[in-house]
Amino acid sequence: MNRTVITNAKIVLEGTIVENWSVEVVDGSIAGVSPATESGRKSEVVDLGGIFLLPGFIDVHIHGAVGFDVNSATPGEMLEIAAFLARNGVTAWMPTLVPDTDENYRTIIESIDELIKLQDGRAVAQAIGVHYEGIFANEKMCGALRPQFFKKFTGSELDALPRLRSGRHMMTFAPEIEGGIDLAGRLVRSGWTASIGHTRADVEILDAVNKLGVRHMTHFFNAMTGIHHRDIGAAGWGLARPDVTFDLIADGIHVHPAMVQFACRGKTPDNVTLISDSVAPTGLKDGEFELWGERISVKQGRTRNERGSIAGSVITLHDAFKNMLALGFSIVELAKMLSANPAKLIGQDSLRGTIISGKRADLVGIGDDGSIEFMMIGGKILGLDQA
């Protein structure tokens, strides 16, 4: 039995922070969270020196990093992405693909299946599923996606998409496309996490898919109709519906910081998930790169493709954490938006997302200056000098 006791940390629990408590980890899982006491059993004791201890971050929308893109990466290259993510506070992720050929979907899914085998027992961010972004999108809201690969739904297209042998499945789709309402019902019945995005859907269509069980929106404000006082738009609908959650890119570029505050305070942090939407150049320097069949440039943290569109971000969830902290969001609120909420979104909240007995020991220690000073994934401590 491998037993570790983590002491001397400000532990972020659901809705509160406790001090002078300890977290006991046994064989990769949290065995106890309690006021600190002397340990009478043989164990490794880790003194965190008073820093914050949060549940590990979960990124449900990420296309790549360190030069590798999910659509073309080998299992080994995805493992390098996972190692980079772990050094930046992420303990679980959903590799996210963009519209492509049917043949390449099969290759990507096979690679993720192999990654899930390779990552077992390693202190890297764990791939826990796949996110298909924009396979069924509105061509007029394509953003950086390639519309030549978009599909309509006639009844068989979802079943034809390759699926992982194990793991969660998420789909960002536009409900107004041909067959979109039927697709929404099929996604919900089939156990997919269904999310609205790349859309110009009107209120009637949005209400229709909501009744079918669609309750989430992808990269809020981006690639969807905005708010106008005579036309509520998809974004306004999302804010107005109490049963709808959304995710958001907090890089200060995709959404103005004041609008981030407005949306997250209005919806409340209980209903917001932070994502990176990061692409292959993340973790590299500014420059020009090949991505999704075209050249993109990265300059001062902003991506731009040949069509003039933003082509994803180059932030990590650790960057999002620091950006949101600077906007006045609390550590407790950020633990919800970076861990608890994404875990619930993809049906992983019984295993991850909060520091509770029985859940995986996926933990991140953060200093008062926002720096990452401790990482544990599945009970294994990551040496941050590996960065």
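Residues numbered from 1 in each chain as written. Predicted model: local features only at pLDDT ≥ 70, side-chain atom pairs only at ≥ 80, totals over all residues. Heavy atoms only, no water.

Draft legend 1. Main features of the overall build of the protein chain. Within the protein chain, the secondary structure is distributed over nine helices and 22 strands. The C-alpha atoms of the protein chain give a radius of gyration of 20 Å, which matches the 21 Å a tight globule of 387 residues would have. For the protein chain, buried positions account for 56% of its 387 residues. Counting only contacts in the protein chain whose residues sit at least 6 apart along the sequence, the fraction spanning at least 24 positions is 69%. (Helix = DSSP H or I, 4+ residues; strand = E, 2+ residues; numbered from the N terminus. Rg over C-alpha atoms; globule rule 2.2 N^0.38 Å. Buried < 20%, exposed > 50% of the residue type's maximum accessible area, 1.4 Å probe, protein only. Contact = heavy atoms within 4.5 Å.)

Draft legend 2. Region of the structure containing the layout of surface pockets. In this model, the largest pocket occupies a volume close to 360 Å³. Surrounding the largest pocket, 23 residues form its lining, Asp120, Gly121, Arg360, Ile377 and Gly378 being those nearest its centre. The set of elements that each furnish at least two residues to the lining of the largest pocket consists of β2 (16–26) and β10 (126–127). Residue composition of the lining of the largest pocket, by class: six nonpolar, eleven polar and six charged. (1 Å grid on protein atoms, 1.4 Å probe; cavity = no way out; pocket = protein on both sides within 12 Å on 5 of 7 lines; lining within 4 Å. Points joined across faces, edges and corners; volume = space filled by probe spheres on them. Nonpolar A, V, L, I, M, F, W, Y, C, P; charged D, E, K, R; others polar.)

Draft legend 3. Focus on the pairing of strand β6 (residues 57–62). Counting buried residues in β6 gives six out of six residues, a clear majority hidden from the surface. When β6 meets strand β9 (residues 90–97), the two strands line up parallel, connected through four bridges. In the strand pairing of β9, isoleucine 62 is matched with proline 95. (Pairing = 2+ DSSP bridges.)

Draft legend 4. How the structure looks around the nonpolar core. If you look at the biggest cluster of nonpolar residues, it comprises 96 residues, and the most contacted ones within it are Leu54, Trp93, Tyr132 and Met171. Ranked by residue count, the leading element in this core is helix α9 (residues 331–345), at eight residues. By size, the runner-up hydrophobic cluster in this structure holds 17 residues, among which are Ile11, Val23, Val46 and Phe374. (Core = buried A, V, L, I, M, F, W, Y, C linked by side-chain atoms within 4.5 Å.)

Draft legend 5. Up close: the sheet that holds strand β18 (residues 294–299). Here we have three strands laid out as an open sheet, ordered β17-β18-β19, and antiparallel in their pairing. Lying at the two open borders of the sheet, with one neighbouring strand each, are β17 (287–291) and β19 (302–305). Going from strand to strand, the sheet's axes swing by 30° on average, the running direction of each strand aside. (Axes fitted to C-alpha atoms, helices over the stretch in contact; angles between N-to-C directions.)

Draft legend 6. Highlighting the environment of aspartate 202. Among the structural elements, aspartate 202 can be located in the loop between β13 (193–196) and α5 (203–211). Considered as a pair, aspartate 202 and leucine 363 are 161 residues apart in the sequence and their alpha carbons are 41 Å apart.

Draft legend 7. Highlighting helix α2 (residues 102–118). With 17 residues, α2 extends 25 Å from end C-alpha to end C-alpha; this agrees with the ideal 24 Å at 1.5 Å per step. Within α2 the residues assigned to the buried category are Asn104, Tyr105, Ile108, Ile109, Ser111, Ile112, Asp113 and Leu115. On its buried face, α2 sits against α1 (75–87), β9, β10 and β11 (129–136). (Expected span 1.5 Å × (residues − 1).)

Draft legend 8. Representation of unusual backbone geometry within the structure. Positive phi, normally seen in glycine, also occurs at histidine 198, with a value near 50°. By the element assignment, histidine 198 lies in the loop between β13 and α5. In the Ramachandran plot, glutamine 300 falls in the positive-phi region, its phi being about 50° despite a non-glycine side chain. Tracing the backbone through its elements, the reader meets glutamine 300 in the loop between β18 and β19. You can call glutamine 300 exposed: its relative accessible area is 71%.

Draft legend 9. Broad picture of the packing of aromatic side chains. For the structure on display, the rule yields six aromatic pairs. Centre to centre, the rings of tyrosine 105 and tyrosine 132 are 5.7 Å apart; their planes meet at 75°, and the pair counts as edge-to-face. In this pair, tyrosine 105 sits in helix α2 while tyrosine 132 sits in strand β11, placing the two residues 27 residues apart along the sequence. By relative accessible area, tyrosine 132 is classed as buried at 0%. Both rings, one in phenylalanine 220 and one in phenylalanine 246, keep their centres 4.0 Å apart while their planes meet at 10°; by these two values the pair is stacked. Residue phenylalanine 220 is found in the loop between β14 (216–217) and α6 (233–240), and its partner phenylalanine 246 is found in strand β15 (residues 245–249); the two are separated by 26 residues along the sequence. Each member of the pair phenylalanine 220 and phenylalanine 246 is classed as buried. By way of ring pairs, the aromatic residues Tyr105, Tyr132 and Trp192 are connected into one cluster. Above the face of the phenylalanine 52 ring, lysine 10 is positioned so that its terminal group lies 4.7 Å from the ring centre. (Phe/Tyr/Trp six-rings, centres within 6.5 Å; stacked < 30°, edge-to-face > 60°. Lys NZ or Arg CZ within 6 Å of the ring centre and 35° of its normal.)

Draft legend 10. Spotlight on α9. End to end, α9 covers 20 Å across 15 residues, agreeing with the expected 21 Å (1.5 Å per residue, within 8%). Along α9, the sharpest kink reaches roughly 35°, centred on methionine 337. Of all 15 residues making up α9, 13 are buried, and the element is well covered by its neighbours. Within two residues after α9, glycine 347 carries a phi angle of roughly 70°, on the positive side. (Bend = angle between axes of the 7 residues up to and from the residue.)

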